[in-house]
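Chain residues, written in single-letter form:
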Amino acid sequence: MWGKRRIFALYLYAYAHMEKIYIETYGCQMNFADSEVVGSILGKAGHSLATSVDEADFVLINTCAIRDNAEQRVRHRVRELRALQGRNRRLRIGILGCMAERLQSRLMAEEDNVSLVCGPDAYRRLPLLLEQVRDGQRGAEVELSTTETYADIEPVRLASNGISAYISIMRGCQNYCSYCVVPYTRGRERSRDPQTIVAEARDLFDKGYREVTLLGQNVNSYSFAQEVAGVKEDSVGFPELMERVASIDPQLRVRFATSHPKDLSDALLEVMAAHPNICRCIHLPVQSGSNRMLKAMNRKYTVEWYLDRVDAIRRYMPDCSITTDVIAGFCGETLEDHEATLELFRRVRYDYAYMFKYSQREGTYAAKHMPDDIADEEKTRRLNEIIALQGQIALENNRKEVGREYEVLVEGESHRSKERLFGRNSQNKVLVFDRGDAVPGTYRRVKVTDCTAATLLGELADIN
Ligand code: SAH
Ligand code: SF4
Ligand code: F3S
């Protein structure tokens, strides 16, 4: 009896000393998926998650290092939180993710109000780090792993709409594009056991989710070989994984990101074409329309190869939408190279593009060996030219959608009006329409009646 009470008291003591933690996430979808893993690890260790900074004792910022402005945003936020630390003396700050990995304990030297730094492969050690901080120390864990995939961790769905969820299927990247920091912040590529991926997707479907996005820096090179009694079985590649996930239920939409053009195979396109629930949208980052630049970027494909892949996509799935990433003003980019990028945009006619100015990243091949020789104003000018062209193409593409009808997965209320709902079609385009009797989490048919460059406007076409 006494023993039980003591254990209870100890538990209460420990619980009272567990921090309430707020996780704030920047960067790519993989970081958002990681924050959900972090939430789960912390929950298992007895911490509770705060829904705002105001009610938190500890803020963990999951950071991105891809461009300098991503890092500046985080530093700005860290300094903003300093003011709160004055008022609420218990508030502590920890940095997770790619910036933590890149800067390591330098970050604690530079930002003196940061008391914890934890890299993307070290999240299992977070509870220990928090304990160290509780004991008055500052802690850093930044070791990268060749095997960690967090396969056994069931992520908590943070800020979820209960309809779509991310599933991380691999980690790391070893493509070493000459401009990119990711191989240094995320380590070697490794794939997660397909059984755990399928189980996670099935569980989400059973819980009412209707869309999963499989995530990795280069999903096309997904490859997992199980070892049974010391013998490696045949490996499971990305097409087979997609086949398995898509077969869970025709009502479960499956998306994926990101595809590296060098590895986009016909085998994948065949699987996609055979499963209508695999969404008709491929994100295929091109980076530049000039072969000279692609070579300097170490992208390992040519414009001709890229266009062949675009043709293959359209051959297998004429209704497939294609989106991209592009970098303006990379080292040595001439006006001719830039014009080649514009020309490629005119040929492919992307539905959407993420467009960036080149930002030199310390430690990359380009930073070491290639001068960052395009003036910032010129980078901006070229970027703006690409943005203007892409805006025009997106609007023209959308105008062609007027009159067409789509199956839409309804997601929620439109930001502008409670009377309207929004959802996305298989091509990942957002459709906004009058609410009618539609309910989030269900599929409805919507006819497109009007558009902007970013959104399709429509009406329910299946009201009885
Ligand atoms: N793994 C993905 C891309 C991940 S990073 C792929 O290779 O397709 C997302 C995008 O950020 C890249 O596609 C690239 O367009 C951009 N990017 C990466 N490093 C950059 C840098 N140093 N400066 C500007 N943009 C960069
Ligand atoms: Fe970076 Fe290239 Fe890897 Fe993409 S494929 S994460 S751009 S190194
Ligand atoms: Fe940024 Fe890291 Fe993703 S650098 S883009 S958060 S992998």
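The coordinates are above.
Residues numbered from 1 in each chain as written. Chains lettered and ligands numbered in written order. Predicted model: local features only at pLDDT ≥ 70, side-chain atom pairs only at ≥ 80, totals over all residues. Heavy atoms only, no water.

The next thing to look at is the overall build of the protein. A tally of regular secondary structure across the protein gives 15 helices and 23 strands. Relative to its length of 464 residues, the protein is compact, with a C-alpha radius of gyration of 24 Å against a globular reference of 23 Å. With the principal axes as the frame, the protein shows a C-alpha extent of 75 × 60 × 55 Å. Residue burial in the protein is summarised as follows: out of 464 residues, 53% are buried. (Helix = DSSP H or I, 4+ residues; strand = E, 2+ residues; numbered from the N terminus. Rg over C-alpha atoms; globule rule 2.2 N^0.38 Å. Buried < 20%, exposed > 50% of the residue type's maximum accessible area, 1.4 Å probe, protein only.)

Now for the site of ligand 1. Among the 15 residues in the neighbourhood of ligand 1, the closest are listed as Gln217, Pro285, Gln287, Asp325 and Ser359. Contact distances for ligand 1 include 3.1 Å between a nitrogen atom and a backbone N or O atom of Tyr179. In isolation ligand 1 offers 540 Å² of accessible surface; the protein chains occlude 90% of this area. Across the shell around ligand 1, the residue classes tally to six nonpolar, four polar and five charged. (Near = heavy atom within 4 Å. Polar contact = N/O pair within 3.5 Å; in protein donor to acceptor, adjacent residues only side chain to side chain. Areas by Shrake-Rupley, 256 points an atom, 1.4 Å probe, with all protein chains shown as cover. Nonpolar A, V, L, I, M, F, W, Y, C, P; charged D, E, K, R; others polar.)

As paired strands, strand β21 (residues 430-434) and strand β23 (residues 456-460) are joined by three bridges and run parallel to one another. In the strand pairing of β23, Val432 is matched with Leu457. For strand β22 (residues 443-451) and β23, the ladder comprises five bridges, and the chain directions are antiparallel. Pairing of Val448 across the sheet is with Gly458, part of β23. Between β22 and β23, which pair antiparallel in sequence order, lie four residues. (Pairing = 2+ DSSP bridges.)

Let's shift gears to the sheet that holds strand β16 (residues 281-283). Taken in spatial order, the three strands make up an open sheet running β16-β17-β18, and their pairing is parallel. Lying at the two open borders of the sheet, with one neighbouring strand each, are β16 and β18 (352-357). Across the sheet, the mean angle from the axis of one strand to that of its neighbour is 10 degrees, orientation sign disregarded. The pairing of β16 with strand β17 (residues 321-328) spans three bridges and is parallel. Opposite His283, over in β17, you have Thr323 as the bridge partner. Running over the sheet, helix α15 (residues 376-399) touches β17 and β18 and is turned about 175 degrees from β18. (Axes fitted to C-alpha atoms, helices over the stretch in contact; angles between N-to-C directions. Contact = heavy atoms within 4.5 Å.)

Think of a ball as big as a water molecule: rolled over the atoms, this probe shows where empty space is left. Counted by the stated rule, this structure contains two cavities of 30 Å³ or more. Here the largest cavity is characterised by a volume of approximately 100 Å³. Ala33, Val37, Pro155, Ser168 and Arg192 are the residues nearest the centre of the largest cavity, which is lined by 15 residues in total. For the lining of the largest cavity, the secondary structure elements donating two or more residues are α2 (29-44) and β7 (164-168). (1 Å grid on protein atoms, 1.4 Å probe; cavity = no way out; pocket = protein on both sides within 12 Å on 5 of 7 lines; lining within 4 Å. Points joined across faces, edges and corners; volume = space filled by probe spheres on them.)

Once that is clear, we can look at unusual backbone geometry. Note that the residue after Ala257, namely Thr258, is joined by a cis bond; omega there is 0 degrees. Mapping Thr258 onto the fold places it in the loop between β15 (253-257) and α10 (266-274). Of note, the phi angle at Gln104 is positive, near 50 degrees, even though the residue is not glycine. Its place among the elements puts Gln104 in the loop between α4 (97-103) and α5 (106-110). Of the residues examined, Gln104 reaches a relative accessible area of 32% and is grouped as partly exposed.

Inspection of the entire model under this criterion finds 51 salt bridges. Residue Arg309 is joined to Asp308 by a salt bridge in which the shortest nitrogen-to-oxygen separation is 3.1 Å. The class for Arg309 is buried, based on a relative accessible area of 7%. Between Arg445 and Glu405 there is a salt bridge, with the nearest N and O atoms lying 2.8 Å from each other. (Salt bridge = Lys/Arg side-chain N within 4 Å of Asp/Glu carboxyl O.)

Those residues of helix α6 (residues 126-134) lying buried are Leu126, Pro127, Leu129, Leu130 and Val133. Seen from one end, α6 has its buried residues packed into an arc of 160 degrees, which puts them on one side. Turning to α6, the residues buried within the fold contact β1 (20-25), α2, β3 (58-63), β4 (92-96), β5 (114-118) and β6 (139-141). Where α6 ends, the next residue or the one after it, Gly136, has phi of about 90 degrees, a positive value. (Arc of directions from axis to C-beta.)

A few words now on the layout of surface pockets. The space that makes up the second largest pocket amounts to roughly 350 Å³. Lining the second largest pocket are 17 residues; nearest its centre among them are Pro318, Cys320, Asp351, Glu401 and Arg404. For the lining of the second largest pocket, the per-class residue count stands at six nonpolar, three polar and eight charged. Looking at the lining of the second largest pocket, you find at least three residues from each of domain 2 (164-224 + 232-399) and domain 3 (405-460). (Domains from an automatic or database assignment.)

When two helices pack together, their arrangement is given by the angle between the helix axes and the distance between those axes. In the contact formed by helix α13 (residues 335-348) and α15, the axes pass within 10 Å of each other and the chain directions differ by 15 degrees. Here α13 is positioned roughly parallel relative to α15, judged by the angle of their axes. For α13 against α15, the interelement crossing comes out right-handed. Mapping the contact onto sequence places Leu335, His338, Thr341, Leu342, Phe345 and Arg346 in α13 and Glu378, Arg381, Arg382, Glu385, Ile386, Leu389, Gln390 and Ile393 in α15. Of the residues in the contact of α13 with α15, the class split is six nonpolar, three polar and five charged. (Parallel < 35°, antiparallel > 145°, perpendicular 65-115°, else oblique. Left-handed = near helix turned anticlockwise from the far one by under 90°.)

Attention now goes to the nonpolar core. Among the nonpolar cores identified, the biggest contains 57 residues, and Ile169, Leu214, Phe238, Val245 and Phe256 are the most heavily contacted of them. If you look at the next biggest cluster of nonpolar residues, it comprises 21 residues, including Val59, Ile93, Ile95 and Val114. (Core = buried A, V, L, I, M, F, W, Y, C linked by side-chain atoms within 4.5 Å.)

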